[in-house]
Amino acid sequence: MSDSVLKTSANIKSPEFEKNARRIVNLLTKIKNEEEQIFQGGGAKAIESQHKKGRLTARERITKLIDPGTQLFELATYAAFEMYEEWGGAPCAGALTGLAKVCGRTFMIIANDATVKAGAFFPMTAKKVIRAQYIAIENRIPTIYLVDSAGVFLPLQEDVFPDTDDFGRVFRNNAVMSAMGIPQITAIMGMCVAGGAYLPVMCDHILMTEGSGLFLAGPALVQAAIGQKTSAEDLGGAKMHAQISGTVDFREPDDNACIARIRALVDKIGAPNASPFSHVKPRDPLYSADDIYGIFSSDPGKQYDMREIIARIADASVFEEYRAEYGETLLCGYARIGGWAVGIVANQKKHVQTLARGSDQKRIEFGGVIYTESAEKAARFILDCNQNRIPLIFLHDVNGFMVGKDAEWSGIIRAGAKMVNAIANSVVPKITVICGGSFGAGNYAMCGKAYDPRFMFAWPTARFAVMSGDAAASTLAEIKLKQLEREGKKVDEKQKKELVESVRATYEHQSDPRYAAARLWVDAIIDPAHTRDALIGALEAASLNPEIREFKTGVLQT
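The rules behind each value
- Residues numbered from 1 in each chain as written.
- Predicted model: local features only at pLDDT ≥ 70, side-chain atom pairs only at ≥ 80, totals over all residues.
- Heavy atoms only, no water.
- Helix = DSSP H or I, 4+ residues; strand = E, 2+ residues; numbered from the N terminus.
- Rg over C-alpha atoms; globule rule 2.2 N^0.38 Å.
- Buried < 20%, exposed > 50% of the residue type's maximum accessible area, 1.4 Å probe, protein only.
- Contact = heavy atoms within 4.5 Å.
- Areas by Shrake-Rupley, 256 points an atom, 1.4 Å probe, with all protein chains shown as cover.
- Lys, Arg positive; Asp, Glu negative; His and termini not counted.
- Charge placed at Lys NZ, Arg CZ, Asp CG, Glu CD.
- Axes fitted to C-alpha atoms, helices over the stretch in contact; angles between N-to-C directions.
- Parallel < 35°, antiparallel > 145°, perpendicular 65-115°, else oblique.
- Left-handed = near helix turned anticlockwise from the far one by under 90°.
- Nonpolar A, V, L, I, M, F, W, Y, C, P; charged D, E, K, R; others polar.
- Salt bridge = Lys/Arg side-chain N within 4 Å of Asp/Glu carboxyl O.
- Phe/Tyr/Trp six-rings, centres within 6.5 Å; stacked < 30°, edge-to-face > 60°.
- 1 Å grid on protein atoms, 1.4 Å probe; cavity = no way out; pocket = protein on both sides within 12 Å on 5 of 7 lines; lining within 4 Å.
- Points joined across faces, edges and corners; volume = space filled by probe spheres on them.
- Expected span 1.5 Å × (residues − 1).
- Pairing = 2+ DSSP bridges.
- Right-handed = clockwise from strand over helix to strand, strands pointing away.
- Disulfide = S-S within 2.5 Å.

Novice: Please clarify how the overall build of the protein should be interpreted in this entry.
Specialist: Secondary structure assignment for the protein yields 20 helices and 20 strands. Relative to the compact-globule value of 24 Å for 558 residues, the protein shows a C-alpha radius of gyration of 26 Å, a close match. In terms of overall dimensions, the protein has a C-alpha envelope of 85 × 70 × 50 Å along the principal axes. With 558 residues in all, the protein has 53% of them scored as buried. Pairs at least 24 apart in sequence give 74% of the contacts found in the protein among residues at least 6 apart. Carbon and sulfur atoms make up 53% of the accessible area of the protein, which totals about 25000 Å². Between the averaged position of the 65 positive side-chain charges in the protein and that of its 66 negative side-chain charges there is a distance of 1 Å.

Novice: Would you take a moment to explain the packing of helix α13 (residues 372-387) against helix α15 (residues 412-424) for this structure?
Specialist: Two numbers describe a pair of packed helices, the interaxial angle and the distance between the axes. Remark: α13 packs on α15, axes separated minimally by 8 Å, with the N-to-C direction vectors making an angle of 25°. As judged from the angle between their axes, α13 and α15 are roughly parallel. Read as a crossing pair, α13 and α15 show a hand that is left-handed. Across the interface between the two elements, Thr 372, Ala 375, Glu 376, Ala 378, Ala 379, Ile 382 and Leu 383 from α13 touch Ile 412, Ala 415, Gly 416, Lys 418, Met 419, Ala 422 and Ile 423 from α15. The residue inventory of the contact of α13 with α15, partitioned by class, reads 10 nonpolar, 2 polar and 2 charged.

Novice: Looking at this structure, how should I read the side chain of His 241?
Specialist: Within the secondary structure layout, His 241 lies in helix α9 (residues 238-243). Apart from residues no more than four positions distant in its own chain, His 241 is found in contact with Met 208, Leu 214, Gly 236, Gly 246, Thr 247 and Val 248.

Novice: Help me understand unusual backbone geometry, please; the structure alone is not making it clear to me.
Specialist: Outside of glycine, negative phi angles account for most residues, and trans bonds account for most peptide bonds. Even without being glycine, Glu 82 reaches a positive phi, approximately 60°. Within the element layout of this structure, Glu 82 appears in the loop between β1 (73-75) and β2 (95-102). Even without being glycine, Cys 103 reaches a positive phi, approximately 55°. Along the polypeptide, Cys 103 turns up in the loop between β2 and β3 (105-112).

Novice: Even after reading the chapter, I still don't get the pattern of salt bridges, so can you show me in this structure?
Specialist: Pairing between side chains of opposite charge can happen when the charged atoms of each approach one another. One pass over the structure, following the stated rule, counts 25 salt bridges. Arg 131 is the salt-bridge partner of Asp 523, the closest N and O atoms lying 2.8 Å from each other. Here the residue Asp 523 occupies a position in the loop between α19 (513-518) and β20 (524-525), and Arg 131 occupies one in helix α4 (residues 123-139), the gap between them amounting to 392 residues. Classification of Asp 523 by relative accessible area gives buried; the value is 4%.

Novice: Before we go on, may I ask you to explain the packing of aromatic side chains in this structure?
Specialist: Where two aromatic rings form a pair, the distance of their centres and the angle of their planes describe that pair. In this structure the tally under the stated criterion is 15 aromatic pairs. With a centroid separation of 5.5 Å and 80° between ring planes, the pair formed by Trp 87 and Phe 153 is classed as edge-to-face. Placement of the pair is Trp 87 in the loop between β1 and β2 and Phe 153 in the loop between β4 (143-149) and α5 (167-179), with a sequence separation of 66 residues. Taking the relative accessible area as the measure of exposure, Trp 87 reaches 35% and is therefore partly exposed. What makes Phe 153 buried here is its relative accessible area of 10%.

Novice: Help me out: how do you make sense of the layout of surface pockets in this one?
Specialist: If you roll a probe as big as a water molecule over the atoms, it shows you where there is empty space left. The computed volume of the largest pocket comes to approximately 1200 Å³. Every residue lining the largest pocket is counted, 37 residues in all, and those nearest its centre are Gln 71, Leu 72, Phe 73, Glu 74 and Leu 99. Among the secondary structure elements, those contributing two or more residues to the lining of the largest pocket are α1 (15-38), α3 (58-65), β1, β2, β20 and α20 (531-542). A per-element tally of the lining of the largest pocket places α20 first, with 5 residues. Of the volumes computed, that of the second largest pocket is approximately 580 Å³. Taken together, 29 residues make up the lining of the second largest pocket; nearest its centre are Lys 7, Ser 9, Asp 305, Arg 307 and Glu 308. Contributing elements (two or more residues each) for the lining of the second largest pocket: α1, α11 (292-295), α12 (306-310) and β9 (320-321). Residues that form the lining of the second largest pocket fall into these classes: 9 nonpolar, 10 polar and 10 charged.

Novice: I would appreciate a short explanation of empty space enclosed by the protein in the present structure.
Specialist: In the structure shown here, the tally under the stated rule is 2 cavities of 30 Å³ or more. Space inside the largest cavity adds up to approximately 140 Å³. In this structure, the largest cavity is lined by 16 residues; those nearest its centre are Asn 112, Phe 121, Val 147, Ser 149 and Leu 199. Within the residue set of the lining of the largest cavity, elements represented by two or more residues are β3, β4, α5 and β5 (184-193). Here the second largest cavity defines a volume of roughly 60 Å³. In terms of lining, the second largest cavity is formed by Leu 75, Ala 76, Thr 97, Lys 128, Arg 131, Ala 132, Ile 135, Leu 520, Val 522 and Asp 523. The element contributing the most residues to the lining of the second largest cavity is α4, with 4 residues.

Novice: For this particular structure, what's the right way to read α15?
Specialist: Residues separated by three or four positions in an α-helix point in the same direction, a consequence of the helix having 3.6 residues per turn. In a regular helix each residue adds 1.5 Å, so 13 residues correspond to 18 Å; α15 covers 18 Å between its end C-alpha atoms and thus fits that length. Three or more residues of α15 are buried, namely Ile 412, Ala 415, Gly 416, Lys 418, Met 419, Asn 421, Ala 422 and Ile 423.

Novice: How should I be thinking about the pairing of strand β13 (residues 362-365) in this particular structure?
Specialist: For a regular strand, side chains alternate in direction, first toward one face of the sheet and then toward the other. In the sheet, strand β12 (residues 352-355) pairs with β13 via 4 bridges, with the strands oriented antiparallel. Pairing of Gln 353 across the sheet is with Ile 364, part of β13. A loop of 6 residues connects β12 with β13, the two strands running antiparallel in sequence, and Gly 358 in this loop sits at a positive phi of about 80°.

Novice: What am I meant to see in the pairing of β5 here?
Specialist: Here β5 lies mainly inside the structure; 9 of its 10 residues are buried. Chirality of the crossover, the property in question, places the unit of β4, α5 and β5 among those that are right-handed.

Novice: Even after reading the chapter, I still don't get the state of the cysteines, so can you show me in this structure?
Specialist: Cysteine pairs can be covalently joined through their sulfur atoms, and such a bond is termed a disulfide. By the definition in use, this model includes 0 disulfides. In this structure Cys 203 is not part of a disulfide, and its nearest cysteine sulfur, from Cys 192, lies 9.8 Å away. Free of any disulfide, Cys 447 has its nearest cysteine sulfur in Cys 385, 12 Å distant.

Novice: Sorry if this is basic, but what is going on with the environment of Leu 72 here?
Specialist: For Leu 72, the location among the structural elements is in the loop between α3 and β1. Between the alpha carbons of Leu 72 and Ala 289 there is a distance of 21 Å; along the sequence they are 217 residues apart. Excluding residues within four positions of it along the chain, Leu 72 makes contact with Ile 62, Ile 66, Gly 98, Leu 99 and Ala 100.

Novice: What should I look at first to understand the side chain of Ser 4 in this one?
Specialist: Within the element layout of this structure, Ser 4 appears in the segment before α1. Assessed through its relative accessible area of 12%, Ser 4 is described here as buried. Discounting residues that sit within four places of it in the chain, Ser 4 has contacts with Ser 317, Val 318, Phe 319 and Glu 320.

Novice: Is there a simple way to explain α4 in this structure?
Specialist: Between its first and last C-alpha atoms α4 spans 25 Å; for 17 residues at 1.5 Å apiece the expected length is 24 Å, and the two agree. Of all 17 residues in α4, 14 are buried; the element is thus mostly enclosed. Positive phi appears at Arg 140, one or two residues downstream of α4, with a value of about 55°.

Fair warning: the whole summary comes from geometry, so function is off the table for now.
As structure tokens, then:
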């Protein structure tokens, strides 16, 4: 048996290593700078206004709420990035979501940012909150809501109100989570009006601070609708709801007291059921995670060994590789990450020499391409992981499936369908990391967003679309040129080049991970060196759900 401990041959002194590292560091610096700007929310004046009301900002509230010395693992930081600019933008979509420890226990935290348009719900705000709720539902994560919102952003109400992934779904999810026994605590720490008023009242515990408001219609709307004049405090203040309507469970004088009460309530919640997944004491990898910067290459023409990445993620750098000599452009194997047993499916970016299917002729298989043999191997491996209750980790750097006569004759479509079927019907947690390219059907086969990963992360080097930028630019430009020719317009070489470059720039922008994160196609853009930490957090969250339904695949193409 081959040694399961992965060896490294990375040359950290090579020019290629330094070039790769420099590129990732530059991308990370850009992202960190953008995140710092996003963290300012509505800006200094809006923060000052919040403080003048005697209220903390959303980030300040979360810092006080979570356990000392711990951090929020923030999700969807880039939500609504470069969107709604005609309305002044909506940093973070006007809401914060993420996982954190409260009294030693993992919670999903959802907090309105009142510095951004008074915490109003833009279309992406609703989708961001709903995504956080679905993560909580899938993983049975108890949830804390810090409410401070003016309700729906009225100029965009038609995109916020009616659909299945819009505002009303938030309250539907409250009810579903309650029925499932997922603890929910809500603190009203500002305005909570109109339809949004249902959110806190559908949770297990309701807290409210002095000066906050909870009503279906504010004083002005009440007067306009029924001619009744009343103050906000009499209509829906904390005292009224504590003494008269009986709607809130705890009335608190300010944010600090409210947060202290939340922690006191969390401290009394019963322990979760035992996890069904194997967990032992974790061991650190043998090699530095910072090496990933230099090992990984985002250049489509360059090769690297994905085992070098796995060696810096897996406990003790141990990887029990499955069918190591077959279908070598996909790596499959068992490992532990943070003590949790996992199955890893990863695209291998090294070209491999093998024998052509059904013959003794040697051939080269290109790294990052899924061939018939690799798809069949992965499908079987995924079935095994489901059979044995082992969560799955997918590491993407995939160009897609192999094409051409040889591939078609080998049954590439049938093999790919088998792999997709296995992933679609998996019942164990799936966690996806897009490291580099994730194109076309390769994205689907490697558990893209359409296949319900519990968490989906992307490196700054990630790119995902139907095809790569160069291929798409050439194809789209050719279509445009033929259209112009049909219209009788002549296009010279300079114009052709400009058209191709214009198409490429647009396509590259749309395949950027920030573009995807803005639309919640990924849950977070992570530092490659922090991949292990992100996976451990995701696995810990997934372990909170003890229920695994029966595994069935239906008809498998054989």
